[in-house]
Amino acid sequence: QVQLIESGGGLVHTGGSLTLSCAPSGRTYNMLYMGWFRQAPGKEREFVSAISWSADSTVHADSVKGRFTISRDNAKNTVYLQMNSLKPEDTAVYFCAAGSRRLRIGAHPYEYDYWGQGTQVTVSS
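The notes below deal with the structure included here.

## Some thoughts on the sheet that holds strand 8 (residues 78–83)
As a general point, the strands of a sheet are linked pairwise by backbone hydrogen bonds and lie either parallel or antiparallel. The strand order 1-3-8-7 describes an open sheet built from 4 strands, whose pairing is antiparallel. The sheet is open, and its two edges are formed by strand 1 (2–7) and strand 7 (68–73), each paired on a single side. Sheet twist, expressed as the mean angle between neighbouring strand axes with direction ignored, is 15°.

## Digging into the pattern of salt bridges
By the definition in use, this model includes 6 salt bridges. One salt bridge connects Arg101 with Asp113, and the closest N-O pair in it is separated by 3.0 Å. With Arg101 in the loop between strand 9 (92–99) and strand 10 (114–115) and Asp113 in the loop between strand 9 and strand 10, the pair connects residues that are 12 residues apart, well separated along the chain. You can call Arg101 exposed: its relative accessible area is 66%. Between Arg102 and Glu111 there is a salt bridge, with its nearest N and O atoms 3.1 Å apart.

## Some details on the nonpolar core
Counting residues in each nonpolar core, the largest one holds 34 residues, and the members touching the most others are Met34, Trp36, Leu81, Met83 and Tyr94. Going through the elements one at a time, strand 1, strand 3 (18–26), strand 4 (33–39), strand 5 (46–52), strand 7, strand 8, strand 9 and strand 11 (119–124) are the ones with two or more residues in this core. Looking at which element gives the most residues to this core, the answer is strand 9, with 5 residues. Not counting residues within four places of it along the chain, the set of residues in contact with Tyr94 comprises Glu6, Leu20, Trp36, Phe37, Arg38, Val48, Phe68, Leu81, Met83, Gly118, Thr119 and Val121.

## Looking at the environment of Leu32
Within the secondary structure, Leu32 sits in the loop between strand 3 and strand 4. According to the relative accessible area criterion, Leu32 is partly exposed, its value standing at 28%. Taking the C-alpha atoms as reference points, Leu32 and Ser100, 68 residues apart in sequence, are found 5.1 Å from one another. Beyond its immediate chain neighbours, meaning those up to four positions away, Leu32 contacts Ser52, Trp53, Gly99, Ser100, Arg101, Arg102 and Leu103.

## Observations concerning the pairing of strand 4
Counted residue by residue, strand 4 has 6 buried out of 7 residues, so it is predominantly covered. The sheet contact formed by strand 4 and strand 5 spans 6 bridges and is antiparallel. The residue bridging Gly35 from the neighbouring strand is Ala50, located in strand 5. Counting the residues between successive antiparallel strands, the hairpin from strand 4 to strand 5 contains 6 residues, one of them, Gly42, with a positive phi of roughly 75°.

## Considering the environment of Tyr114
One can find Tyr114 in strand 10. For the pair formed by Tyr114 and Ala98, sequence separation is 16 residues and the distance between their alpha carbons is 5.2 Å. The contact partners of Tyr114, leaving out residues within four places of it in the chain, are Val2, Leu4, Asn30, Met31, Cys96, Ala97, Ala98 and Ser100.

## A closer look at the side chain of Arg67
With respect to the element layout, Arg67 can be found in the loop between strand 6 (58–60) and strand 7. Residue contacts for Arg67: discarding those within four places in its chain leaves Gln82, Met83, Asn84, Ser85, Leu86, Lys87 and Asp90.

## Describing the side chain of Ser21
Mapped onto the secondary structure, Ser21 falls in strand 3. Overall, Ser21 belongs to the buried group, its relative accessible area being 18%.

What counts and what doesn't
Residues numbered from 1 in each chain as written. Predicted model: local features only at pLDDT ≥ 70, side-chain atom pairs only at ≥ 80, totals over all residues. Heavy atoms only, no water. Pairing = 2+ DSSP bridges. Helix = DSSP H or I, 4+ residues; strand = E, 2+ residues; numbered from the N terminus. Axes fitted to C-alpha atoms, helices over the stretch in contact; angles between N-to-C directions. Salt bridge = Lys/Arg side-chain N within 4 Å of Asp/Glu carboxyl O. Buried < 20%, exposed > 50% of the residue type's maximum accessible area, 1.4 Å probe, protein only. Core = buried A, V, L, I, M, F, W, Y, C linked by side-chain atoms within 4.5 Å. Contact = heavy atoms within 4.5 Å.

Right under this line is the structure:
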C-alpha cells in the first residue's frame, strides 16, 4: 500500500559527501514525518535524522549534527539527507522510514510505520 524507495547510496572517501533521497508511493496522505535510520552489520538500527512533513521541525542524532542535513520537497513527496564530512563510522545501510501515528517526530524504530529497502553507504578510510 505504501512504498518508500531510497536512492543515492554509494562509496565515498573520508570527508566526502553523498545525498540520499526517499520517494514514497501509494497512500501517503497520512504520513506525518519521515526520517532516516542506519544499521551496520551486527549493530542495532540507529536513528539518524527526521523531519515533519508539514512543518519545519527536525530531529538529528548527536553523531551527525553539523554534518548531515535533512530536507523535504512537498511537491515531489521526497525527503533528502545531505551527508557531508563523512566518516568511516557512517558506513551502514541507510533506511528511509515514515511515521503516521504521532504528531511529534519519533527517534525510535517502533515509532515508524513504513520502511524502505535500504541503500548502502560506504565511507573508506
